[in-house]
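Listed below, chain by chain, are the residues.
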Amino acid sequence: MIIEEMLSRHETARLDSLNLIVSENRMTARALSPLSSDIAQRYAADFYHGTAPAREMAEHVANLASEVFEARYANLSPISGNMSLLAVIFALSGVDDHVGRIPPFFPGGGYPLDYAVFNRKPLPLPFSDKNWQVDLTAAISLLNEVRPPLVVLGSSIVTYPMPVREISDVVHAYGGLVAYDGSHSLGLIAGGQYQDPLGEGADLLLGSTHKTFPGPQGGLILTNSEEIHKRIEVLSNFRPLNGPTLICNPHLARIAATGIVLEETDWKKYAKQVVENARNIAASIQDEGIPLRGVTAENFPELTYCHQVLLDFPLDDSKRLRDHLGKHRVNVDGFLRLGVSEITRLGFTAEECKELGRLIAALLKNEREVPESVDRRIGEMIEAHREVVL
């Protein structure tokens with residue numbers, strides 16, 4: 001019973017708190033159910049008899065994804081956003097090729113994949129820490145000089161849309177391709193919020209299905225190009241008689257759960273509320289004198305355009321304050337990114353997010369003596385929002 005006890009402790013730690021981890025979300029009971037069904041241990045290869053229903057299910061979910069994201073082709077084989085990115089890099093670039101990307105961490109916030117391990121050369125696009133945005137003039141100059149065959153746009157530490165159209169025009173002019181890593185923003189893209197990468201010129205949209213997209217951990221690759229879709233399928237879809245590629249088994253239970261999320265979520269309502277909640281937390285925290293990152297960005301009058309709010313503290317302070325917030329039942333990460341996807345699913349309103357922003361500010365400004373009323377109100381919010389409602 002040791003494992004069960006540990007799981008119980010986990011649920012107490014995570015469900016009896018306000019989870020503002022930007023990389024996580026909450027699933028409905030219906031969406032969770034396939035993960036413990038018989039299909040969780042099965043294969044779908046037609047080399048095995050009895051797999052027709054599973055293959056039909058996987059095809060149906062791919063069609064749902066194509067419909068929701070308005071893309072001609074959807075590939076759900078990758079078992080994570082990381083594997084989605086690897087499939088794209090291996091399929092669309094070669095050994096010793098440069099791959100353009102948003103630089104990781106600070107400044108930039110790009111995904112910290114180690115391209116060198118896979119014999120690719122990362123080409124960091126110039127990025128402004130002050131504006132928290134790509135330095136477009138410098139980036140265009142660099143792209144025209146180096147001409148990487150593949151450019152990956154998208155960030156893990158993000159508040160503003162990327163200049164997809166401008167970058168795509170440059171890259172396409174010399175024959176390259178643009179992939180948009182929407183791991184953090186995928187659920188917002190589904191709901192018509194944040195930006196429309198494929199509509200703005202990106203050749204592919206890839207991402208994780210467990211961040212703003214409120215599903216199981218997994219990956220998704222979308223494109224309108226049959227050629228690109230087939231090139232990626234060679235790497236990401238298991239061919240049993242030719243040996244495994246990147247994916248041996250796409251985890252059918254995950255695909256089934258992803259399908260339920262695709263069909264049960266009111267994407268437009270959910271995405272709109274996520275952004276509204278994030279903006280209200282950001283405004284409330286700023287009004288209390290807490291510094292935010294990137295708020296001087298030109299052409300972006302709002303404090304955030306997605307689910308994230310970026311507090312601006314040195315890293316050592318951020319880690320200490322993360323632990324301080326955690327002691328008071330507010331979960332954030334070591335960068336002090338605040339994400340509102342999960343609490344939005346649990347029914348938090350804009351007004352409640354304003355109040356939550358003030359409570360977080362009170363915690364940040366009172367590390368030694370936190371008013372009892374702060375802890376009491378946080379507890380009331382947790383009890384009032386136990387179930388997924390959106």
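Right above here is the structure, for reference.
Everything numeric in this text was worked out from a predicted model, so none of it was measured. (Residues numbered from 1 in each chain as written. Predicted model: local features only at pLDDT ≥ 70, side-chain atom pairs only at ≥ 80, totals over all residues. Heavy atoms only, no water.)

Student: I'd like a rundown of the packing of helix H10 (residues 267-287) against helix H13 (residues 350-365), residues and numbers included.
Tutor: Packing of H10 against H13 leaves a shortest axis separation of 7 Å and a crossing angle of 35°. In this structure, H10 crosses over H13, and the sense of that crossing is right-handed. Residue-level inspection shows Gln273, Glu276, Asn277, Asn280, Ile281, Ser284 and Ile285 of H10 in contact with H13, the latter providing Ala350, Cys353, Lys354, Leu356, Gly357, Arg358 and Ile360. (Axes fitted to C-alpha atoms, helices over the stretch in contact; angles between N-to-C directions. Helix = DSSP H or I, 4+ residues; strand = E, 2+ residues; numbered from the N terminus. Left-handed = near helix turned anticlockwise from the far one by under 90°. Contact = heavy atoms within 4.5 Å.)

Student: Run through unusual backbone geometry, naming residues and quoting values.
Tutor: Residue Phe106 is joined to Pro107 through a cis peptide bond whose omega torsion reads -10°. Within the element layout of this structure, Pro107 appears in the loop between strand E3 (98-101) and strand E4 (121-124). One non-glycine residue with positive phi stands out, namely Phe105, at about 60°. Among the secondary structure elements, Phe105 is positioned in the loop between E3 and E4. Classification of Phe105 by relative accessible area gives partly exposed; the value is 40%. Despite not being glycine, Leu336 shows a phi value in the positive range, around 60°. Counting through the fold element by element, Leu336 comes out in the loop between strand E12 (330-331) and strand E13 (337-339). (Buried < 20%, exposed > 50% of the residue type's maximum accessible area, 1.4 Å probe, protein only.)

Student: Provide a residue-level description of the sheet that holds strand E10 (residues 219-223), including the pertinent values.
Tutor: Where strands meet in a sheet, backbone hydrogen bonds hold them as pairs that are either parallel or antiparallel. Spatially, the 7 strands line up as an open sheet ordered E2-E10-E9-E8-E7-E3-E4, and their pairing is mixed. The two strands at the open ends of the sheet, each matched to only one other strand, are strand E2 (73-75) and E4. Neighbour to neighbour, the strand axes of the sheet diverge by 25° on average, direction disregarded. Note: strand E7 (residues 150-153) against strand E8 (residues 177-181), 4 bridges, orientation parallel. Counted as the bridge partner of Leu153 is Tyr180 from E8. (Pairing = 2+ DSSP bridges.)

Student: Run through the environment of Ala138, naming residues and quoting values.
Tutor: Mapped onto the elements of the fold, Ala138 is located in helix H5 (residues 136-146). For Ala138 and Leu18, which are 120 residues apart along the polypeptide, the C-alpha to C-alpha distance reads 40 Å.

Student: Quick rundown of the side chain of Thr265? Include the residues and the values.
Tutor: You can see Thr265 is positioned in the loop between helix H9 (252-264) and H10. In this structure the side chain of Thr265 is engaged in a polar contact, spanning 2.7 Å, whose partner is the backbone oxygen of Val261. Residues in contact with Thr265, not counting those within four places in the same chain, are Pro214, Tyr270 and Arg345. (Polar contact = N/O pair within 3.5 Å; in protein donor to acceptor, adjacent residues only side chain to side chain.)

Student: Explain a nonpolar patch on the surface to me, using residue names and the numbers behind them.
Tutor: On the surface, a cluster of nonpolar side chains totalling about 430 Å² of accessible area is made up of Ile2, Ile3, Met6 and Leu7. Ile3 sits in the exposed class, given a relative accessible area of 55%. (Patch = residues over 30% accessible without salt bridge, like charges linked within 9 Å, V, L, I, M, F, W, Y side chains within 5 Å. Areas by Shrake-Rupley, 256 points an atom, 1.4 Å probe, with all protein chains shown as cover. Salt bridge = Lys/Arg side-chain N within 4 Å of Asp/Glu carboxyl O.)

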